[in-house]
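Observations on the model geometry
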Amino acid sequence: MGGDGTAAHLPQLRLDELLDELQARIEDVRGTRDRVHVLLESVLAVGQGLDLSQVLHRIVEAAATLVDARYAALGVIGADGETLSHFLTVGISDEEITTIGPYPTGKGVLGELIHHPEPLRLTDLTAHPSSHGFPPNHPPMRSFLGVPIRVREEAFGNLYLCDKRGGLDFDTEDETVLATLAVAAGVAIDNARLYDDARRQQNWLRASAEITRSLLSGSPREQALTLIAERAREIAGASLADVSVPSSDGRLTVEVALGGDAPARLGLTVPVQGTLSGAAFDAESPVACADLAEDARFAAGPHRFDGLGPAVAVPLGDASGRSRGVLLLARPVGGQAFTEAEIGPLLGFADQAALALELAARRSDAEQLALLEDRDRIARDLHDLAIQRLFATGMTLQSAARMIPHEAPAERVARAVGDLDETIRIIRSTIFGLRVREEAGPSLRAQVSQAVGQAHGTLGFAPRLIMEGLLDTDVPDNLAQDITAVLGEALSNAARHAQATRVEVSLRATGGEVVLEVTDNGIGLPDGVDRSGLRNLAVRAEKADGTFTATAPPGGGTVLVWSAPLVR
């Protein structure tokens, strides 16, 4: 009976085993179905966004959820194809990231996927030959799964998963699921990049239209240059934007400076050789670098760019291809390098901006021509009408003076005739000044007005200008050149050192001498500033038999007075 009882229980045992196996298979199917459902939801979530940064964060979070990993990261491969330019993490707090230090750049095991873009599964990543260990304060990690992400057959980056929960190892199914997510991630990243490119292109076009409208509506050139720098800085996500223009000595002068230590750069003159802006100006094509402060090719004055990394300089070329200036953009250290996809639209924007500047210059030339024609008309009217009437009046008074018997009234009439002669001389000098043609070069008044107008961009406000006397007729050419040079140096010093909010320029040609006075309400003459510029002004005055003084009045500010005798 004992043997019969045991035999009777055997079918019941086999049935229980079959039921357990069937239940396990049902659980596996249910688990697989749930995992497929989660995978589909993750793919949909990843593909919903168009902002690239949000898409990347969703990819990392979805990867960690799908394979039940404690830690997940996404590394974006940089432009050099050898290192990681961006690194996004899940599972590590901000405090832990701060204590760990800089993000990895793609060395060790992480670099294996960069050089060999194939899935990689490890039971213990510290045992891999390429492992370099963990930095201090880094949490311990054991199991590892890495999968590359491709965008249109281009290696975009890699997904890194560590420490599967429960102490388990990542298996083949985890690898398959993650590879599927990587394919969906590549599509989502491509869509986000296309959207970013389209939005950026639209912003460039909108900025170009704004600049063109501003210039053609009569805005000053300096205001247009500032607008160009502002819009380029905003759209490119740069922390610094400078516009440099060529100066008469073959160097580049920073006419517009935004971001960083802008006052220190404003009005600064830099050489063409050894600077990023100079390289773009000389080559008449964009020039980029990965680290502006450390690039050995551009060693002239790198201290101006401390804390800056990726940068690009784009020439502002005219219709003939000649550079009219250079736009420099720079991002902070660690920022993303300027790519060809960014530089292309930026170059188009610079070309449009330069074309608008050229159109504005042509419009200014047309206005100047109209002004000259109007001056010619005024000169003809003065000559044909006013002078003739004054001359006739003088002749009449001279005739009448002979008939006056008393000496005192006769002397008064003679003095009136003399005044009329002096008036005629002044009017004739004025006519001569009105008829000065641009072929002989711009007049002194025009040069001074232009210098003061250009200072608006470097000072941030328009200086006040007062001119008196026959500047265009009584001041010889050699003195006119000295005056424009002295004025340029004085305005440059005010922009770079004075920290002024008001500048006044006075130019007078009276009493046998010409006097230029530049006054500001700044901090005076600061210690430690190179005085070579002031010495040059004193030398110019000495050569012209004149004087130069630089004083700080009790109320604050600086007064520069440069004078020279007139040689008729």
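Up top is the structure.
Residues numbered from 1 in each chain as written. Predicted model: local features only at pLDDT ≥ 70, side-chain atom pairs only at ≥ 80, totals over all residues. Heavy atoms only, no water.

Observations regarding the pattern of salt bridges
It is possible for side chains of opposite charge to pair when their charged atoms get near one another. Throughout the structure, instances matching the rule amount to 11 salt bridges. For Arg 231, the salt bridge is made with Glu 234, and the minimal N-O distance between the two is 3.4 Å. In this pair, Arg 231 and Glu 234 both sit in helix H6 (residues 221-236), 3 residues apart, roughly one turn of the helix. Looking at Glu 234, the relative accessible area reads 54%, which means it is exposed. The closest approach of N and O atoms between Arg 331 and Glu 342, which form a salt bridge, is 2.6 Å. Taken together, the positions of Arg 331 in strand S11 (residues 323-332) and Glu 342 in helix H9 (residues 340-402) put the pair 11 residues apart, joining distant regions of the chain. Here Arg 331 matches Glu 342 in class, with each residue buried. (Salt bridge = Lys/Arg side-chain N within 4 Å of Asp/Glu carboxyl O. Helix = DSSP H or I, 4+ residues; strand = E, 2+ residues; numbered from the N terminus. Buried < 20%, exposed > 50% of the residue type's maximum accessible area, 1.4 Å probe, protein only.)

Brief notes about the packing of aromatic side chains
Under the criterion given, the structure shown has 3 aromatic pairs. Note on Phe 87 and Tyr 103: the rings are 5.8 Å apart at their centroids and 45 degrees apart in plane angle, and the pair reads as tilted. Separated by 16 residues along the polypeptide, Phe 87 in strand S2 (residues 84-90) and Tyr 103 in the loop between helix H3 (94-100) and helix H4 (108-115) bring together distant segments of the chain. A relative accessible area of 14% means that Phe 87 is categorised as buried. Cluster of aromatic residues (ring-pair linked, three or more members): Phe 87, Tyr 103, Phe 144 and Tyr 160. One residue, Arg 331, lies across the ring of Phe 338, its end atom 3.9 Å from the ring centre. (Phe/Tyr/Trp six-rings, centres within 6.5 Å; stacked < 30°, edge-to-face > 60°. Lys NZ or Arg CZ within 6 Å of the ring centre and 35° of its normal.)

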